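Geometric and topological summary
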Amino acid sequence: MLVVLSLPLAVVNVLGVAYYTAAPAVRARHPWHALLRPSGAVGQSAGIVAFLIFVFLWLYPLRKKFKGLAFTGSVGRWLDVHVAAALLLPLLLATHAAWRSDGVIGLGLVAMLVVIASGVVGRYLYARIPRARSGVELSRDEVAATRRDLLQRLADMTGMSGDGLESMLSTGGDAESRGLLPALRCMVMNDFTRARRRRELRRRWAAMVSSSGQSLAGRALDEAVLLADREMALDQQARMLDATHRVFRFWHVAHRPFAVTALVAVTIHIAVVVSLGATWFW
């Protein structure tokens, strides 16, 4: 559905570049003004779809709160849909506002973008907490057991010892005692460190295969690198678990008021527009 919506939106914005980049006085005389202006058929339709998606986004908190809704899917799956839908909002809102950022329209657009940006950060933090496929958070013992299983599978595939693999995959560092911003910076640096280590492992294991004649190549090599990446991620997540929880709690405190404020502002905006009859359908 998101692809179906994004494609025509992209086409509209590409074709309407001349209108969107024109001065307000020029826009009023543009042949597409009746369609692309905020109250036009295209502009206002984009706003209506954006509002419907924004209302849909509030279903995710309900899924988290009520366990009886588990039949609708896991919390993790709901979060993925929640974030994917939110990522479509900026283009919808920009199309609705005719790419203007002044006045009340600009304030509403900025408020929504703040909510969307904070939501992306929340998804990033959520992914840094070790979880099972169902979305349930893993305990430290479960993380340790998963890491042992990954190391054993890697040892079987590469012929290396478990201790040697653990030393090779260790990224070091600790962020448990750090503040919010240092912890976030450490998470991002961990991602870069893990990516660099993945490339190093791929080169090292590929060279080891070619020199020893072992069969670790192709899909087997890809799987080994994937398992190594998962083990390194779990190691980093386990070391930073307390810090991640602290940042996540702070994020919850900040994200929810922004979302509520945006919902109230959007509702008032719609009520005023409809009451004034500034619509193409009313």
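Everything that follows concerns the structure shown earlier in this document.
Description of the structure in this document. (Residues numbered from 1 in each chain as written. Predicted model: local features only at pLDDT ≥ 70, side-chain atom pairs only at ≥ 80, totals over all residues. Heavy atoms only, no water.)

**Details of the overall build of the protein**
- Summing up its helical and strand segments, the protein has 13 helices and zero strands in all.
- Element order for the protein, N to C, with α for helix and β for strand: α-α-α-α-α-α-α-α-α-α-α-α-α.
- Counting only residues that meet the buried cut, the protein has 37% of its 282 residues in that class.
- Long-range contacts, defined as pairs at least 24 residues apart, comprise 72% of the intrachain contacts of the protein with a sequence gap of at least 6.
- Of the roughly 16,000 Å² of accessible surface on the protein, 67% is carried by carbon and sulfur atoms. (Helix = DSSP H or I, 4+ residues; strand = E, 2+ residues; numbered from the N terminus. Buried < 20%, exposed > 50% of the residue type's maximum accessible area, 1.4 Å probe, protein only. Contact = heavy atoms within 4.5 Å. Areas by Shrake-Rupley, 256 points an atom, 1.4 Å probe, with all protein chains shown as cover.)

**Some remarks on a nonpolar patch on the surface**
- A cluster of nonpolar side chains, namely Phe56, Leu59, Leu62, Phe66 and Val81, defines an oily patch on the protein surface of about 380 Å² accessible area.
- Topologically, Leu59 is positioned in helix H6 (residues 59–65).
- You can call Leu59 partly exposed: its relative accessible area is 36%. (Patch = residues over 30% accessible without salt bridge, like charges linked within 9 Å, V, L, I, M, F, W, Y side chains within 5 Å. Salt bridge = Lys/Arg side-chain N within 4 Å of Asp/Glu carboxyl O.)

**Some remarks on the packing of aromatic side chains**
- Tallied over the full model, the rule gives three aromatic pairs.
- With centroids separated by 5.5 Å and ring planes inclined at 10 degrees, the aromatic side chains of Phe248 and Trp251 adopt a geometry described as stacked. Of this pair, Phe248 and Trp251 are both found in helix H13 (residues 241–276), three residues apart, which corresponds to roughly one turn of the helix. The same class applies to Phe248 and to Trp251, which are both buried.
- The residue whose ring lies beneath Arg27 is Tyr19, and the NZ or CZ to ring-centre distance is 5.1 Å.
- It is Arg128 that lies over the ring of Tyr124; its NZ or CZ is 4.0 Å from the centre. (Phe/Tyr/Trp six-rings, centres within 6.5 Å; stacked < 30°, edge-to-face > 60°. Lys NZ or Arg CZ within 6 Å of the ring centre and 35° of its normal.)

**Considerations on the side chain of Asn13**
- With respect to the element layout, Asn13 can be found in helix H1 (residues 2–15).
- Among the polar contacts made by the side chain of Asn13, one reaches the side chain of Thr95 at a distance of 3.0 Å.
- Apart from the residues within four sequence positions on either side, Asn13 is in contact with Tyr20, Leu91, Thr95 and Trp99. (Polar contact = N/O pair within 3.5 Å; in protein donor to acceptor, adjacent residues only side chain to side chain.)

**Some words on the packing of helix H5 (residues 41–57) against helix H7 (residues 75–96)**
- Where H5 contacts H7, the two axes come as close as 9 Å, and the packing angle between them is 155 degrees. On the basis of their axis angle, the class for H5 and H7 is roughly antiparallel. The hand of the H5/H7 crossing is left-handed. Taking contact as the criterion, the partners of Val42, Gly43, Gln44, Ala46, Gly47, Val49, Ala50, Ile53, Phe54, Phe56 and Leu57 in H5 are, on H7, Trp78, Val81, His82, Ala85, Ala86, Leu88, Leu89, Leu92, Leu93, Thr95 and His96.
- For the contact of H5 with H7, the class distribution of residues is 16 nonpolar, six polar and no charged. (Axes fitted to C-alpha atoms, helices over the stretch in contact; angles between N-to-C directions. Parallel < 35°, antiparallel > 145°, perpendicular 65-115°, else oblique. Left-handed = near helix turned anticlockwise from the far one by under 90°. Nonpolar A, V, L, I, M, F, W, Y, C, P; charged D, E, K, R; others polar.)

**Regarding the layout of surface pockets**
- The volume enclosed by the largest pocket comes to roughly 690 Å³.
- Lining the largest pocket are 30 residues, and of these Tyr60, Pro61, Lys64, Trp251 and His252 lie nearest its centre.
- Sorting the residues of the lining of the largest pocket by element identifies H5, H6, H7, helix H8 (103–127) and H13 as the ones contributing at least two each.
- Class assignment for the residues of the lining of the largest pocket results in 19 nonpolar, seven polar and four charged. (1 Å grid on protein atoms, 1.4 Å probe; cavity = no way out; pocket = protein on both sides within 12 Å on 5 of 7 lines; lining within 4 Å. Points joined across faces, edges and corners; volume = space filled by probe spheres on them.)

**Here we look at the packing of H5 against H13**
- Following both chains from N to C, one finds H5 and H13 inclined at 140 degrees, their axes separated by 12 Å at the closest point. As the angle between them shows, H5 and H13 are arranged oblique. Of the two possible hands of crossing, H5 and H13 adopt the one that is left-handed. Seen from H5, the contacting residues are Gln44, Phe51 and Phe54; seen from H13, they are Ala259, Ala262, Leu263, Val266, Ile270 and Val273.

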